[in-house]
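Survey of secondary and tertiary structure
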Amino acid sequence: MNQLTILQKPAARKRSNERRRMLISAIGAALLLVSIGIGSWLLDSSGLSVQLNNRNLPPSLTHLFGTDWLGRDMLSRTVKGLALSIQVGLLGSISSVLIAAMMGLMAATLGKTADRIVSWLIDVFLSVPHLVLLILIAFVCGGGLKGVAIGIMLTHWPSLARVIRAEAMQLMSAEYVLVARKLGRSRLSVAARHLAPHLFPQLLVGFLLLFPHAVLHEAAITFLGLGMSPHQPAIGIILSESMRYLSTGMWWLAVFPGLGLLLTVRAFDKLGNHLRLLIDPRNAQL
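One structure accompanies this document, and this report is about it. Remember, predicted model here, so these are calculated numbers, not experimental data.

Under the defined criterion, the tally for this structure stands at six salt bridges. One salt bridge in this structure joins arginine 72 and aspartate 68, with 2.8 Å as the shortest N-O distance. Assigned by exposure class, arginine 72 and aspartate 68 land together as buried. With its nearest N and O atoms 3.4 Å apart, the salt bridge here joins arginine 77 to glutamate 241. Placement of the pair is arginine 77 in helix H2 (residues 74-109) and glutamate 241 in helix H9 (residues 235-242), with a sequence separation of 164 residues. Neither residue differs from the other here; arginine 77 and glutamate 241 are each classed as buried. Among the charged side chains, a salt-bridge network with shared partners connects Asp68, Arg72, Arg77 and Glu241.

Right, here's the structure in full:
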């Protein structure tokens with residue numbers, strides 16, 4: 001018994017360290033999200049206005065991120081651009097998770113015909129290059145913030161829907177679900193009361209992993225000039241405009257917005273990976 005206890009201590013210590021890392025990642029991601037939101041709210045629009053007498057200034061105490069070729073404060077543009085990207089990413093990832101959950105539950109509970117239709121839809125969406133499909137949907141929806149958001153909603157759900165469908169199919173053969181069906185429970189009741197609670201961890205991890213992709217794809221679309229108006233402070237627009245001035249030595253136009261985008265995406269991606277490892281049943285045996 002003593003030897004078994006000694007062998008279990010490293011595994012328990014490892015799980016404790018993983019939980020601590022996950023907690024630190026969650027707190028860091030939450031603080032980053034809150035700080036960007038508060039910063040975007042506190043910063044007034046004066047930093048976004050054209051001030052030609054302050055143009056092309058390097059980083060200083062007055063302008064921490066410098067100014068661009070029109071004298072606009074890059075700190076204000078970066079923070080507001082990150083806030084806009086986070087809003088689009090949250091809207092797109094939450095909507096994609098809801099679509100994936102609905103598709104997976106429909107495939108598992110509504111019979112073979114529904115399963116074939118859902119599987120066909122997943123295969124169709126996955127067969128088209130992701131960025132191309134996103135551009136097409138955003139263009140059809142009229143472009144702008146609305147078009148980009150709808151495009152992200154409708155293109156990020158298939159991979160998660162495939163995972164949710166497989167999990168829901170496995171749960172449908174569980175004994176308690178079979179008993180509930182024999183007791184006369186409807187398909188909707190089984191999906192809501194017996195399947196959805198067990199699928200919540202997968203949906204949460206899916207949201208945390210989809211969010212960085214949604215933010216990056218929003219930045220990619222606006223970088224290509226297919227999204228929002230050039231006057232809006234989107235990170236993709238800022239990075240696209242800065243490419244024309246890097247050769248003149250104005251490095252701060254791309255470095256600070258790029259670092260902000262990288263830190264935001266990395267924080268949530270790391271949080272999602274830690275949470276996925278902790279939920280994985282194989283790691284529970286360590």
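Residues that lie three or four places apart on an α-helix share one face, since the helix turns once every 3.6 residues. When the terminal C-alpha atoms of helix H8 (residues 187-223) are compared, their 45 Å separation across 37 residues is substantially less than the 54 Å that a helix rising 1.5 Å per residue should span. The principal kink in H8, of about 55 degrees, is found at alanine 196, preceding the proline proline 197 by one to four residues. Following H8 by one or two positions, glycine 225 has its phi on the positive side, about 80 degrees.

Across all of its chains, the model carries six aromatic pairs by this definition. For the ring pair phenylalanine 65 and phenylalanine 256, a centre distance of 4.4 Å and an interplane angle of 5 degrees mean the geometry is stacked. With phenylalanine 65 in the loop between helix H1 (2-42) and H2 and phenylalanine 256 in helix H10 (residues 252-279), this pair connects stretches of sequence that are 191 residues apart. An aromatic cluster is defined as three or more aromatic residues linked by ring pairs; in this entry it consists of Phe65, Trp251, Trp252 and Phe256. Here the basic side chain of arginine 72 rests over the ring of tryptophan 69, its NZ or CZ set 5.5 Å away from the ring centre.

Turning our eyes to something else, we now look at a nonpolar patch on the surface. Residues Leu131, Phe223, Leu224, Leu226, Met243, Leu246, Trp251, Val255, Leu259 and Leu262 make up a contiguous nonpolar surface patch of about 870 Å² in total accessible area. Per element, the largest residue contribution to the nonpolar patch is three residues, and it comes from H10. With respect to the element layout, phenylalanine 223 can be found in helix H8. On the basis of relative accessibility, which here comes to 36%, the residue phenylalanine 223 falls in the partly exposed class.

Moving on: unusual backbone geometry. Phi at asparagine 56 takes a positive value of approximately 60 degrees, unusual for a residue other than glycine. Structurally, the position occupied by asparagine 56 is in the loop between H1 and H2.

All right, on to the packing of helix H3 (residues 112-127) against helix H6 (residues 158-172) then. Axis separation between H3 and H6 bottoms out at 9 Å; the angle between their running directions is 150 degrees. By the criterion of interaxial angle, the relationship of H3 to H6 is roughly antiparallel. Here the hand of the crossing between H3 and H6 comes out left-handed. Contact residues: H3 offers Asp115, Ser119, Ile122, Asp123, Phe125 and Leu126, while H6 offers Pro158, Ser159, Ala161, Arg162, Arg165 and Met169. The class makeup of the residues in the contact of H3 with H6 is six nonpolar, two polar and four charged.

Under the 1.5 Å per step criterion, the end-to-end length of helix H5 (residues 144-155) is 17 Å for 12 residues, consistent within 8% with the ideal 16 Å. Within H5 the residues assigned to the buried category are Gly147, Val148, Ala149, Gly151, Ile152, Met153 and Thr155. Those residues of H5 that are buried are in contact with H2, helix H4 (130-140), H6 and H8.

Running from amino to carboxyl end, H2 crosses H8 at an angle of 145 degrees, the nearest separation of the two axes being 7 Å. Crossing handedness for the pair H2 and H8: right-handed. For the pair formed by H2 and H8, the contact residues are Ser85, Ile86, Val88, Gly89, Leu90, Ser93, Ile94, Ser96, Val97, Ala101, Leu105 and Thr109 on the first element and Arg187, Ala191, Leu195, Leu199, Leu203, Gly206, Phe207, Leu210, Phe211, Ala214, Val215 and Glu218 on the second. Along the lines of polarity and charge, the residues of the contact of H2 with H8 split into 16 nonpolar, six polar and two charged.

Criteria and thresholds
- Residues numbered from 1 in each chain as written.
- Predicted model: local features only at pLDDT ≥ 70, side-chain atom pairs only at ≥ 80, totals over all residues.
- Heavy atoms only, no water.
- Salt bridge = Lys/Arg side-chain N within 4 Å of Asp/Glu carboxyl O.
- Buried < 20%, exposed > 50% of the residue type's maximum accessible area, 1.4 Å probe, protein only.
- Helix = DSSP H or I, 4+ residues; strand = E, 2+ residues; numbered from the N terminus.
- Expected span 1.5 Å × (residues − 1).
- Bend = angle between axes of the 7 residues up to and from the residue.
- Phe/Tyr/Trp six-rings, centres within 6.5 Å; stacked < 30°, edge-to-face > 60°.
- Lys NZ or Arg CZ within 6 Å of the ring centre and 35° of its normal.
- Patch = residues over 30% accessible without salt bridge, like charges linked within 9 Å, V, L, I, M, F, W, Y side chains within 5 Å.
- Areas by Shrake-Rupley, 256 points an atom, 1.4 Å probe, with all protein chains shown as cover.
- Axes fitted to C-alpha atoms, helices over the stretch in contact; angles between N-to-C directions.
- Parallel < 35°, antiparallel > 145°, perpendicular 65-115°, else oblique.
- Left-handed = near helix turned anticlockwise from the far one by under 90°.
- Contact = heavy atoms within 4.5 Å.
- Nonpolar A, V, L, I, M, F, W, Y, C, P; charged D, E, K, R; others polar.

All we've got here are geometric facts, nothing functional implied.
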